[in-house]
Amino acid sequence: MEESIGDVVADCAAVFRFDERKPQERAHDYLRERRVARGCDDTAMQCACEDMVRRAYRVGLTENATEVARETARVIAEGIMGVLDDD
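As the structure is a computational prediction, the values presented were derived from the model and not from experiment.

Quick notes on the rules
- Counting starts from 1 at the beginning of each chain's written sequence and moves along it residue by residue.
- This being a predicted model, a pLDDT of at least 70 is required before a residue's local features are given, and a value of 80 or more before pairs of side-chain atoms are given or counted; all residues contribute to the totals for chains, interfaces and linings.
- Hydrogens and waters are ignored; side-chain quantities use all the structure's heavy atoms.
- Secondary structure elements follow DSSP: runs of H or I of four or more residues count as helices, runs of E of two or more count as strands, with numbering from the N terminus.
- To estimate how far a helix should extend, the number of its residues minus one is multiplied by 1.5 Å.
- For the exposure calls, accessible area comes from a 1.4 Å probe over protein chains only, and a residue counts as buried if that area is under 20% of its type's maximum, exposed if over 50%, partly exposed in between.
- Here, a salt bridge means any Lys or Arg side-chain nitrogen found within 4 Å of an Asp or Glu carboxyl oxygen.

As a further point, take helix α2 (residues 23-34). If you check α2, its first and last C-alpha atoms are 16 Å apart, about what 12 residues at 1.5 Å a residue would give, namely 16 Å. Within the sequence span of α2, burial applies to Arg26, Ala27, Asp29, Tyr30 and Leu31. Two residues or fewer after α2 comes Arg35, characterised by a positive phi angle close to 55°.

In structure tokens:
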């Protein structure tokens, strides 16, 4: 299943929202659920944030690539139609 930026934003809200639990506890839950590995000196908050940034970046690349492919296909189709109309 492809991720959307909404998925990443929802995870941000889940980890960093204000409630009775500490954000560090929610960050630990996030890392466990997403199976994100931590380095020896990394905090849970840091790793959760870095993972969300990486996910958002991948989503942006995917969405941009899809839009570029769509536009390229449109330009090619218009070119082909132009050649066919000339005949």
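Next, the rest of the story.
The next subject is the pattern of salt bridges. Per the stated rule, a full pass over the model turns up 10 salt bridges. Ionic pairing is found between Asp19 and Arg17, a salt bridge with its closest N-O pair at 2.9 Å. By relative accessible area, which is 22% here, Asp19 ends up partly exposed. Residue Arg17 is classed as partly exposed on the basis of its relative accessible area of 38%. In this structure, a network of salt bridges that share partners links the residues Glu3, Asp11, Arg34, Asp51 and Arg55.

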